[in-house]
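Now for the letters of each chain:
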Amino acid sequence: MESAVQKQKDIPVVILCGGMGTRLTEHTTLIPKPLVEIGHKPILWHIMKHYSRYGFHKFFLALGYKGDHIKRYFLEFYSLGQDFTVSLKNGEVSVLNQKLVEPWEVHLVDTGQTTLTGGRLKLLEPLLRGGTLMMTYGDGVGDVNLDKLLAFHYEMGGLVTLTAVRPPARFGAMEFDGNRVCRFKEKTKLSEGWINGGFFVMEPQALDYIEDDVLWEHAPLERLAADGKLFAYRHEDFWQCMDTVRDLKYLESLWESGNPPWKTW
């Protein structure tokens, strides 16, 4: 019987990278949101590093808006990570002191400029070889324990497991005794309610719930829930999306602190 580590090496990770990032236009007029940088590295790199830390090295990137920028990033990933010599006589390039690079296999697939999340996932189906797969969004980071997530998915026996997170609070909270403030709590995260934080695990049969070009988060997940095939892995620790400039600045401040909570490698 295969070990969990052996299985993980074969499980593909789909990352949705096609959105237009309309709430981050200060950056996304020039580059796609997954290439917006935190600490001089694209958020996409941070996400992939987290998966790689747990032994997931095979990635399928569903491209759309400005997808050519992401293709170019990976085409140049190896060469720009090396020191090299260029002969201006004949254009020959030789690598100096070859540096270690990521052990990733990256499949870059154009899934359309305006395709919805479910449609992007469905278009990748022929490439995913019919086994368990993981999927997340190209604009959110977290310290999700992927070993525990995968084990939970297999234990539940459903078709889809999503990672449920507490939404970050935008404002502080107060409790009153009459007009007197008896408790004040600075903004951290909401104490009630859960939202979809990405970091999915799914079985190939889940893709049968996608009909045409639809939002994955609407009809497919609603039908999976109605059929009792959708489970939630509750993640109480760090998670943060990058929807706005405010979110980006917050993530940058965490990185600059020297100990960002999503850095598990």
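My aim in this report is to walk through the structure given alongside it, one point at a time. Remember, it's a predicted structure, so these values are computed and weren't measured experimentally.

1. Concerning the side chain of His153
Relative to the elements of secondary structure, His153 occurs in helix H7 (residues 146-156). When sequence neighbours within four positions are dropped, the list of residues in contact with His153 reads Gly158, Leu159, Val160, Thr161, Val201, Met202 and Glu203.

2. Structural notes on the pairing of strand E10 (residues 160-165)
With respect to burial, E10 is a largely interior element, six of its six residues being buried. The two faces of E10 match: Val160, Leu162 and Ala164 on one face and Thr161, Thr163 and Val165 on the other face are all buried. Bridge count between E10 and strand E14 (residues 200-202): two bridges; the pairing is antiparallel. Each bridged residue has a counterpart across the sheet, and for Thr161 the counterpart in E14 is Val201. Note: E10 against strand E15 (residues 230-235), six bridges, orientation parallel. Across the sheet, the residue bridging to Ala164 is Arg234, located in E15.

3. Here's the deal with the pattern of salt bridges
Applying the stated criterion to the full structure yields nine salt bridges. A salt bridge links Arg166 to Glu236, with the nearest nitrogen and oxygen atoms 3.8 Å apart. Within this pair, whereas Arg166 is found in the loop between E10 and strand E11 (173-177), its partner Glu236 is found in the loop between E15 and strand E16 (239-241), the two being separated by 70 residues in sequence. Take Glu236: its relative accessible area is 43%, and that puts it in the partly exposed class. Of the charged contacts in the structure, one is a salt bridge between Glu211 and Arg223, with a shortest N-O distance of 3.7 Å. Pair noted here: Glu211 is in the loop between E14 and helix H8 (219-226) and Arg223 is in helix H8, with a separation of 12 residues, a long-range link. On the basis of relative accessibility, which here comes to 35%, the residue Arg223 falls in the partly exposed class. Here the salt bridges do not stand alone but share partners, grouping Arg23, Lys33, Asp139 and Asp243 into one network.

4. Regarding unusual backbone geometry
Not every positive phi belongs to a glycine, and His40 is a case in point at roughly 70°. With respect to the helices, strands and loops of the structure, His40 is situated in the loop between strand E2 (37-38) and strand E3 (41-42). Residue class for His40 comes out exposed when judged on its relative accessible area of 72%. One non-glycine residue, Arg129, lies in the positive phi region at around 65°. Structurally, Arg129 is set in the loop between helix H6 (117-124) and strand E8 (133-137). Owing to a relative accessible area of 77%, Arg129 belongs among the exposed residues under this scheme.

Criteria and cut-off values
- Every chain is numbered independently, its residues counted from 1 as its sequence is written.
- Residue-level local features of this predicted model are given only where pLDDT is at least 70; pairs of side-chain atoms are given and counted only at 80 or more, and the full residue set underlies all totals for whole chains, interfaces and linings.
- Side-chain metrics rest on all non-hydrogen atoms present in the structure, leaving aside hydrogens and water.
- In this description a helix means any DSSP run of H or I spanning at least four residues, a strand means any run of E spanning at least two, and both kinds are numbered starting from the N terminus.
- Residue contacts follow a heavy-atom distance rule, with two residues in contact if any of their heavy atoms lie within 4.5 Å.
- Accessibility here uses a 1.4 Å probe with only protein chains present; expressed as a share of the type maximum, an area under 20% marks a residue as buried, one over 50% as exposed, and anything in between as partly exposed.
- At least two bridges found by DSSP between two strands is the condition for calling them paired.
- In what follows, salt bridge is the name for a side-chain nitrogen of Lys or Arg lying within 4 Å of a carboxyl oxygen of Asp or Glu.

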